[in-house]
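Report on the structure
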Amino acid sequence: MADRPPVAPPRAEQIGTACDYCVVGCAYRVWRWPADGGAATPPPSEGTPRADEPPWANPAQHNIVAWQGRPHHVLVLPDPLARAVNPGGGHSMRGGTLAQKCHHPGNRTRERLTTPLLRVGGVLREVSWDDAIEVMARVSQHVLARHGEHAWGIKAYSYQYFENTYAIARLAFDAVGTPAFAPHDKCAATNDAAGLDDAGIEAFSPSYDDWGACEVMFCSGTDPFETKATLFTTQIMRGAEPGKTLIFATPHRSGGVAWGLKQGGLWLPVIPGTDSVLNQAIARVIVERGWQDQGFIDRWVARRWEVDQGLGRGTRDTPWQWRTTWGLFQSDWADYRAFLLAREELALAQAARITGVDAALIERAAELLARPRADGSRPKASFMLEKGNYWSNNYMNSASLAALGLVCGAGNRPGRVIGRGGGHQRGWAGAPGMPGWLSPEKYPGRRRKPLNLDRWLIDGRLRFAWVFGTTWIGAMAASAELERAIAALTVERPEQPRRADAAHAAEALIARADAGGMVLVDSDIYPVDPLGTRYADIVLPAATWGEADFTRCNGERRLRLYARFCDPPGQARPDWQAVQAFARRMGWGDRFAWRDASEVFEEAARHGRGGVYDYDELVRQARRDGLPGHEALRRLGPDGIQTPVRRTGERLIGTVRLHDPDQALPDADRWRTRLLQGFATHSGKAVLLKAPWDFPGWSEFYAAARPRTDQGELWITNGRIDEVWQSGFDDRRKPYTAARGVVQMLFIHPRDAAARGVSNGDLVRVSNDAVYVQTGMPLGVQAHEQHFDALLAAGHIRVTRGSFEAVAVLDDGMREGVAKAGFNHPGQHANAVCHAVPDPLTNNYRYKLGRGRVESLGPSAQAAGFDGPSLKPRGSV
């Protein structure tokens, strides 16, 4: 690779794809041609749209990769043919370095896993795929026969690609039939923002154009500039309403917040966990002054009898049924209005005290969001939430934001929407048969509750675990406790293979499982420390973006083909193929008989019908045209199509936004009315949900988890920055980003730093000597039995310790009393100081509510250098 990348020749092959990273999913195009002076590239296929001009590229957009065993130049640039997502070539720093994520033996991407590995005598050794699968199958057959399906579990990404996630889901739910499953970012198979779900709002119902078309945008727990840069620069800064006002509820004045303030917006520096009070205090001001959108409420908010419509008189045996029909949260307009006006904590002075947000700012936010103009028109307000909202007080924060949006008339109209901003792209394609009824955990009244996989493991109930593409340890709360448990169940056990022989290894690992230990398999693209490097018994090399044909949707449900353009290194293969090989060896081959990735994609379509990411009509049309599903999608070009995919006559149409009553609905789609033209409830109307601050399922935990200021503790929250994607697995290896360095940082207010003797650039230790970890499987017949105080009294709360180190960045944009670390840093886990006690309403962790003492360890290596990451405040842009 040269400092001046070559210019693509006119006959270079062009391949369409989309970004591998954040939820925005910008469209990209790859130019590929031989680098060894060989024969010219053959003409492109008939269905491939082709750009006219060869592009100019910078060095970070060029690489030399292997293709069909020969070296080829590739340029990876924003697609000039794109008319959606990133028209005009917009991209983030992450997307602008996509070419460098591809395997190249001349840089650190050579660290890719290339062969299966088996831990022998404590050392990972190369073995064949056949031997690795043989060991896994023998151990699995024994575990399932002796210990049952509960003892066999999967921890997997939910964001990756439909082909992989469908294969994994079918293995877990249909073949094995296990309830021991959890996605990458949760301890159980739950929804992220359950308050939105219960309100009837699909989390990704908006289109990107809606964020551009609003006049006021309320961002709860997110700065889209730091996490969704191209959406911010393309739609939020510009869009149909470039002069929009931005309101941020977050404890950090980061880059996007600083820009919004310069444009006349607001920053509400909320204390972590108190968003439900803030949201409802704003709603109270709106209601007190008569600014609510009464016409919208009368038409689109469910009345009391409509909330219960269609539920019958059964057990209400799903979370949303009992949460919305017991009366504590469920409401109609009259009841919700009375609740707002009666609650003491929602009065301005009290709300300001609880949230730390000045009363004048609360009033101003209400005015910007809802005050009618002199001509009677209303501001077009939209509401975006992300992890700062629902990873603190999961249910009540998301429910209260949904209610605030509904009061302002948002939820189903252009420029007036409620939804998640998103983290990853949307790649989950579930298979049928999730055996949730097998979970030993129960909600109050013995209602079904997804199994907490972390707790199941820590309690010694898991005997075989297959991990796909996730750090697991660093990504979970109380990560130090989880790591201790994994170590004790694997490498610290005496039952270890001593020879790289499949029969011997299987025998040793079966003995471990029978003796109470666990066998761990890790599928990934790089060695994951510590999960794969220290603890995994078997490590499988996975193929990734660019190395196989994949599909998924972005944050506005836009479905596209992420096409193959280079060879995977060594023996790496897509995860769906690894699952297929294992299933065949287990005797389940007839259910995994795909010939290629497109057949996986087509089969998954059947099980997504009627859902948000329904693309079954695309597959049906492809069959009528005699095309594989992947080829039909390729021919749609860089803009793809938004799901649910529908058909009118012979033409496929996408769905711009969900819940929109004004969108056309062909006769064939009448059965989808509630999702497309109404809200996702039985009545088609949205449900207003109350969030009482003194609900003991929250208030007891919050009282225990707050920083002990008499011991010098701060809130320790976490978040992303624009330069680093997730755990930095690529950023530490791509030459451009690796040169900047990927270090754990702790943003801290200068006064908090001075009180602790911390200077800018110091290496600091953050420690919490009272990390709460919930243990056991309490059934919770009565609701209070699942609240913190009762769990503690019953011995279901263990007190542990956790710590991590970071480089201090003095940032006057941090709220005092709060410090923020990088989320999921691979070596220094900020989640080590967070409590593994999930929200009893949803079984989701509260990752943003860590606490700890901060002490200086002296100047860091980054303090005196100029080649590392910036140590300036994020809001100094």
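Summary of the structure given here. (Residues numbered from 1 in each chain as written. Predicted model: local features only at pLDDT ≥ 70, side-chain atom pairs only at ≥ 80, totals over all residues. Heavy atoms only, no water.)

1. Some details on the packing of helix α8 (residues 275-288) against helix α16 (residues 394-407)
As a packed pair, α8 and α16 sit with axes 8 Å apart at the nearest point and diverge in direction by 20°. Classified by the angle between their axes, α8 and α16 sit roughly parallel to one another. Where α8 crosses over α16, the two elements pack in a sense that is left-handed. Taken together, the residues of α16 that come into contact with α8 (itself represented by Asp275, Ser276, Asn279, Gln280, Ile282, Ala283, Ile286 and Val287) are Met396, Asn397, Ser400, Leu401, Leu404 and Val407. Tallied by class, residues from the contact of α8 with α16 come to 8 nonpolar, 5 polar and 1 charged. (Axes fitted to C-alpha atoms, helices over the stretch in contact; angles between N-to-C directions. Helix = DSSP H or I, 4+ residues; strand = E, 2+ residues; numbered from the N terminus. Parallel < 35°, antiparallel > 145°, perpendicular 65-115°, else oblique. Left-handed = near helix turned anticlockwise from the far one by under 90°. Contact = heavy atoms within 4.5 Å. Nonpolar A, V, L, I, M, F, W, Y, C, P; charged D, E, K, R; others polar.)

2. A few points about the sheet that holds strand β22 (residues 641-642)
Reading across the sheet, the 3 strands line up as β20-β21-β22 and stay open at both edges, with antiparallel pairing between neighbours. At either margin of the open sheet sits one strand with a lone partner, and together these are β20 (550-553) and β22. In this sheet, strand β21 (residues 558-562) lies alongside β20 in antiparallel orientation, the contact comprising 4 bridges. Across the sheet, Thr551 pairs through a bridge with Leu561, a residue of β21. Most of the contacts of helix α2 (residues 162-176) go to β20, to which it runs at about 90°, and overall it touches β20 and β21. (Pairing = 2+ DSSP bridges.)

3. Digging into unusual backbone geometry
Cis geometry marks the peptide bond from Asp529 to Pro530; its omega dihedral reads 5°. Secondary-structure assignment places Pro530 in the loop between β18 (519-524) and α20 (531-535). Of the consecutive residues Thr643 and Pro644, the connecting peptide bond is found in the cis state with omega at -5°. A positive phi angle, close to 50°, is found at Trp472, a residue other than glycine. Mapped onto the elements, Trp472 comes out in the loop between β17 (464-468) and α18 (479-489). By relative accessible area, Trp472 is classed as buried at 0%. We note that Gln726 has phi near 55°; this positive angle belongs to a residue other than glycine. Locating Gln726 in the fold gives a position in the loop between β26 (714-719) and α27 (735-740). (Buried < 20%, exposed > 50% of the residue type's maximum accessible area, 1.4 Å probe, protein only.)

4. Thoughts on the environment of Arg353
Tracing the sequence through the fold places Arg353 in helix α13 (residues 348-355). Through-space distance from the C-alpha of Arg353 to that of Lys244 is 29 Å; in sequence the pair is 109 residues apart.

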